[in-house]
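Here's the letter readout for the chains.
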Number of protein chains: 2
Amino acid sequence: MDATFRAIADPSRRTILDLLAEGERSVTQLLEHFDFSQPALSKHLRVLRDAGLVTARSASRRRLYGLRAEGLRSVAEWVRHYEQFWTERLDALGAVLDAEAGQ
Amino acid sequence: MDATFRAIADPSRRTILDLLAEGERSVTQLLEHFDFSQPALSKHLRVLRDAGLVTARSASRRRLYGLRAEGLRSVAEWVRHYEQFWTERLDALGAVLDAEAGQ
DNA sequence: TCAACATATAACCAACTGGATATGCGTCAA
DNA sequence: TTGACGCATATCCAGTTGGTTATATGTTGA
């Protein structure tokens with residue numbers, strides 16, 4: 001879980017996840033979207049793989065990466081725990097408005 | 001937004017947010033939950049403040065920190081975009097089970 | 001008034017990180 | 001079979017990070 005949070009802390013890696021959300025991509029395909037070198041991309045992919053956020057399979061001489069969104073579940077649950085803090089306020093606001101409308 | 005993701009990448013800082021979710025706390029109160037020094041805590045608090053995740057107000061000679069959960073909104077929205085990937089699968093599974101039950 | 005308290009900042013350090021270049025290794029096409 | 005392709009790994013480097021100790025600042029109580 002710690003690995004997950006550290007993995008998504010980097011904007012390039014979040015972009016990778018965004019790209020993979022559209023479907024499987026090879027390393028070369030992914031690389032087109034970045035300014036850094038291919039080894040740098042491979043490093044990012046390794047971090048994502050170690051965090052369980054992407055999968056990889058070999059297809060002839062290419063390597064296809066895919067999204068493994070379930071890896072983000074812990075993040076989703078963690079943040080949902082906080083979501084109530086702003087939805088509660090909206091509920092409270094709604095209650096106030098209702099009360100005022102009732103008068 | 002980038003600052004937000006980097007801020008929550010650290011487990012100590014996530015713990016701080018968890019503590020503040022229960023209410024305002026002074027630096028000394030927060031410090032009881034950690035093994036590191038007071039300056040280290042002040043540094044973490046600065047990162048969280050810069051990311052807009054906590055608020056601080058002076059109360060006599062103490063400084064009370066509070067949660068500012070709205071700062072996590074961008075994270076919540078980002079991860080919700082991925083949430084569909086596992087809920088969709090559950091929906092699909094549900095459809096299969098429904099179909100089998102119908103036979 | 002002054003010592004102790006509560007906190008922030010400064011300066012420093014080791015470890016980690018994201019990048020680069022160089023290279024190794026398997027796969028395909030000619 | 002061999003050269004080019006696709007990718008991973010090794011090594012190195014500069015910048016960032018999380019920690020430390022030392023110190024400065026404001027506040028309160030005696």
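About the thresholds
- Residues numbered from 1 in each chain as written.
- Chains lettered and ligands numbered in written order.
- Predicted model: local features only at pLDDT ≥ 70, side-chain atom pairs only at ≥ 80, totals over all residues.
- Heavy atoms only, no water.
- Contact = heavy atoms within 4.5 Å.
- Buried area = accessible area lost by both parts, 1.4 Å probe.
- Salt bridge = Lys/Arg side-chain N within 4 Å of Asp/Glu carboxyl O.
- Polar contact = N/O pair within 3.5 Å; in protein donor to acceptor, adjacent residues only side chain to side chain.
- Helix = DSSP H or I, 4+ residues; strand = E, 2+ residues; numbered from the N terminus.
- Least-squares fit on C-alpha atoms with pLDDT ≥ 70 in both.
- Buried < 20%, exposed > 50% of the residue type's maximum accessible area, 1.4 Å probe, protein only.
- UniProt positions renumbered as here; feature names shortened; annotations may be inferred.
- Pairing = 2+ DSSP bridges.
- Axes fitted to C-alpha atoms, helices over the stretch in contact; angles between N-to-C directions.

1. Focus: the interface of chain A and chain B
In this assembly, 27 residues from chain A lie in contact with 27 residues from chain B. In this assembly, chain A packs against chain B so that about 2600 Å² is buried in total across both faces, 68% of it on carbon and sulfur atoms. Of all residues in chain A, W78, Y82 and W86 of chain A give up the largest surface area on contact with chain B, accounting jointly for 23% of the area buried on that side. Summed over the shared surface of chain A and chain B, the result is four salt bridges. Our count for the contact surface shared by chain A and chain B stands at seven residue pairs in polar contact (both at pLDDT 80 or more). Counting residues per element, the ones that place at least two in the side of chain A that touches chain B are α1 (2–7), α2 (11–20) and α5 (73–102) of chain A. A total of 12 residues in the side of chain A that touches chain B trace back to one element, the largest contributor, which is α5 of chain A.

2. Some points on the relation of the copies chain A and chain B
Of the transformation superimposing chain A on chain B, the axial component is 0.0 Å and the angular component is 180 degrees, with the fit at an RMSD of 0.0 Å. In short, the pair behaves as if placed about a two-fold rotation axis. Of the C-alpha atoms belonging to chain A, the one lying closest to the rotation axis is found on A9 of chain A, 3.1 Å away.

3. Re α2 of chain A
Within α2 of chain A, seven of the 10 residues are buried, which leaves it mostly tucked inside the rest of the structure. Of the residues flanking the start of α2 of chain A, the one acting as N-cap is D10 of chain A, its side-chain oxygen 2.9 Å from the backbone nitrogen of S12 of chain A.

4. Structural notes on the UniProt feature "domain: HTH arsR-type" (unreviewed entry) in chain A
In the numbering used here, UniProt assigns the "domain: HTH arsR-type" (unreviewed entry) feature to residues 1–87 of chain A. Structurally, residues 1–87 of chain A comprises 56% helix and 16% strand, and the distance from its first C-alpha atom to its last is 25 Å.

5. As for the sheet that holds strand β2 (residues 54–59) of chain A
All names here are of chain A. Read across the open sheet, the three strands follow the order β1-β3-β2; overall the sheet is antiparallel. Both outer strands of the open sheet, β1 (25–26) and β2, are each paired with one neighbouring strand and no more. Where β1 meets strand β3 (residues 62–67), two bridges bridge the pair, whose relative direction is antiparallel. Looking across to β3, one finds that R25 is bridged to Y65. Across the sheet, α2 is in contact with β1, β2 and β3; its angle to β3 comes to roughly 90 degrees. Along the sheet face, helix α4 (residues 38–50) touches β2 and β3 and points at about 120 degrees away from the line of β2.

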